[in-house]
Amino acid sequence: MTFTPGAAIVTTTAASAITQTTATAGGNVTTDGGSAVTARGTCWSTSANPTIAGSHTTDGSGTGVFTSSLTSLTANTTYHHRAYATNGGGTTYGSDLTFTTSCGIVNTLPFTEGFEALPSTPACWSEENATPAWQYIAGDGGTHPNGAHTGARNACLKDVTTVDNKNKLMTPVMDLSGYTNVVLTFWHTQAVWNGDQDQLAIFYKTSSGGAWVLLQTYTASVTAWTQRTINLPNTGSY
C-alpha cells in the first residue's frame with residue numbers, strides 16, 4: 001500500500017461504446033485531497049498502467065464524475081486505461097482496466113489465414129456453436145490425417161459421436177466491392193473413419209442478419225489434403 005498526503009482519489013469507469021477506433025471511458029474524482037484538482041481525464045495504452053506521459057485526455061478539473069472520449073485506436077486491439085487526477089500533490093491514478101476494440105472489415109486482398117498463431121479461434125473469426133468446437137491442431141490429432149498440409153496447425157472439426165453435429169467457422173467480415181473475380185482457395189481432407197463420414201459445406205451471406213447461401217458441399221471421403229477453389233459471387237456485397 002502507498003500513502004500519499006494530499007493526493008486526490010480517483011476511480012476508473014469501465015469502457016463502453018467500443019468501436020474499431022474509439023471508446024468511451026472516464027472516472028470519478030471522489031476527493032481532492034485538500035488541494036484543488038487542476039486536471040483530470042483518462043490515460044490509455046496497449047501496456048499496463050498507462051500514465052499522462054502517453055496518450056491521455058483532459059476532461060475538466062475539480063471533483064466529480066467525468067467522461068473521456070478515446071480516439072485513434074487500432075481495430076482488434078486490447079487497451080489498458082485508467083483515470084487520473086492532478087492536484088498540488090501530484091498526479092494519482094485509478095485502477096487499470098482493459099477493453100478490446102472491435103474487428104475491422106477486411107477490404108484488402110489477398111487475405112490469408114493459416115491457423116498458426118494460437119491453438120484457438122483466430123482473431124476476428126467466430127464459431128456458430130460451442131460443441132463440437134473447432135480445434136487448431138496438426139491434422140486431426142491422430143492419423144486422418146496425421147499432420148497439417150503446411151506449417152504446424154490446421155483447422156479441424158472433430159466429433160467422436162455419430163450425432164449430426166455441426167459448427168460453422170466464420171471468417172471476419174469482408175468488403176469485396178473493390179474487386180472482381182474473387183476466388184476462395186483452401187486445402188481440405190475428410191477421410192472416412194470406421195464407417196463415419198464427415199461432410200464440409202461452404203456458405204456465404206451478404207449481411208450479418210441475412211440468410212446463409214450454400215456455395216459447395218463435400219460429402220465423399222477425401223483421404224489426402226486436396227486443394228479446393230471456389231469463385232465467390234456478389235463481390236459488391238459484404
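Reading the values: the criteria
Per chain, the residues get numbers from 1 upward, laid out in the order the sequence is written. Local features are withheld for residues below a pLDDT of 70 in this predicted model, meaning they are given only at 70 or higher, and side-chain atom pairs are given and counted only at 80 or more; totals for whole chains, interfaces and linings count all residues. In computing side-chain values, all of the structure's heavy atoms are included and hydrogens and water are not. Only DSSP runs of H or I with at least four residues qualify as helices, and only runs of E with at least two residues qualify as strands; both kinds are numbered from the N terminus onward. This radius of gyration counts C-alpha atoms alone. The globule rule is 2.2 Å times how many residues there are, raised to the power 0.38. When accessible area is computed with a 1.4 Å probe and restricted to protein chains, residues below 20% of their type maximum are described as buried, those above 50% as exposed, and intermediate ones as partly exposed. When checking whether two residues touch, look at their non-hydrogen atoms; a contact exists if any pair is within 4.5 Å. Accessible surface area values rest on a Shrake-Rupley calculation with a 1.4 Å probe, where residue burial reflects the displayed protein chains alone. A residue counts as positive if it is Lys or Arg and as negative if it is Asp or Glu; His and the chain ends are not included. The atoms used to mark charge sites are NZ of Lys, CZ of Arg, CG of Asp and CD of Glu. We call two strands paired when DSSP finds no fewer than two bridges between them. Here, two cysteine sulfur atoms that lie within 2.5 Å of each other are counted as a disulfide. Note on definitions: angles span 0 to 180 degrees between N-to-C directions of axes, and those axes are lines fitted to C-alpha atoms, for helices only across the stretch in contact.

Caption draft 1: View of the overall build of the chain. Each helix and strand in the chain was counted, giving 0 helices and 15 strands. A compact globule built from 238 residues would reach a C-alpha radius of gyration of about 18 Å, whereas the chain, at 25 Å, exceeds it by more than 25%. Dimensions of the chain, computed from the C-alpha atoms along their principal axes, are close to 80 × 40 × 30 Å. For the chain, with 238 residues in total, the buried portion stands at 30%. A sequence separation of at least 24 residues applies to 63% of the contacts in the chain between residues at least 6 apart. Here the chain has roughly 13,400 Å² of accessible surface; of this, 52% comes from carbon and sulfur atoms. One way to put it: in the chain the 8 positive side-chain charges average out to a point 2 Å from where the 13 negative ones average out.

Caption draft 2: Structural detail: the pairing of strand β10 (residues 154-157). The alternating pattern of β10 places N154 and C156 on a buried face, while none of A155 and L157, on the opposite face, is buried. Taken together, the 4 bridges between strand β9 (residues 134-137) and β10 define a ladder with antiparallel strand orientation. The residue of β10 that forms the bridge with Q135 is C156.

Caption draft 3: Highlighting the environment of T108. Inspection of the secondary structure puts T108 in the loop between β7 (97-100) and β8 (126-127). Along the chain, T108 and I52 lie 56 residues apart, while their C-alpha atoms are 35 Å from each other.

Caption draft 4: Structural context of the pairing of strand β6 (residues 90-93). Judged from the 4 bridges that link them, strand β5 (residues 78-87) and β6 form a sheet pairing that is antiparallel. Across the sheet, residue T86 finds its bridge partner in β6, namely T91. Once β5 ends, the chain turns through 2 residues before running back antiparallel as β6.

Caption draft 5: Structural context of the state of the cysteines. This structure, assessed with the given rule, holds 1 disulfide. At a sulfur-sulfur separation of 2.0 Å, the disulfide partner of C103 is C124. Between C103 and C124, the S-S torsion sits near -95 degrees, and that sign places the bridge as left-handed. Placement of C103 in the loop between β7 and β8 and of C124 in the loop between β7 and β8 is noted, with a sequence separation of 21 residues between them.

Caption draft 6: Structural context of the sheet that holds strand β4 (residues 64-70). With respect to topology, 3 strands assemble into an open sheet ordered β1-β2-β4, the strand pairing being antiparallel. Edge positions in the sheet fall to β1 (9-12) and β4, since each has one partner strand and no second. The mean angle between the axes of side-by-side strands here comes to 25 degrees, regardless of whether they run parallel or antiparallel. Pairing of β1 with strand β2 (residues 23-31), which is carried by 4 bridges, proceeds in the antiparallel orientation. Bridge pairing in β2 places I9 opposite T31.

Caption draft 7: Up close: unusual backbone geometry. In this chain, T131 is followed by P132 through a cis amide linkage whose omega measures -10 degrees. Its place among the elements puts P132 in the loop between β8 and β9. In the segment running from H144 into P145, the intervening peptide bond is cis, with an omega of 0 degrees. One can find P145 in the loop between β9 and β10. Within the chain, A17 stands out as a residue other than glycine whose phi angle is a positive 50 degrees. Tracing the backbone shows A17 in the loop between β1 and β2. The class of A17 is exposed, set by a relative accessible area of 55%. Although it is not a glycine, N49 adopts a positive phi angle of roughly 55 degrees. Structurally, N49 is set in the loop between β3 (39-45) and β4. Assessed through its relative accessible area of 43%, N49 is described here as partly exposed.

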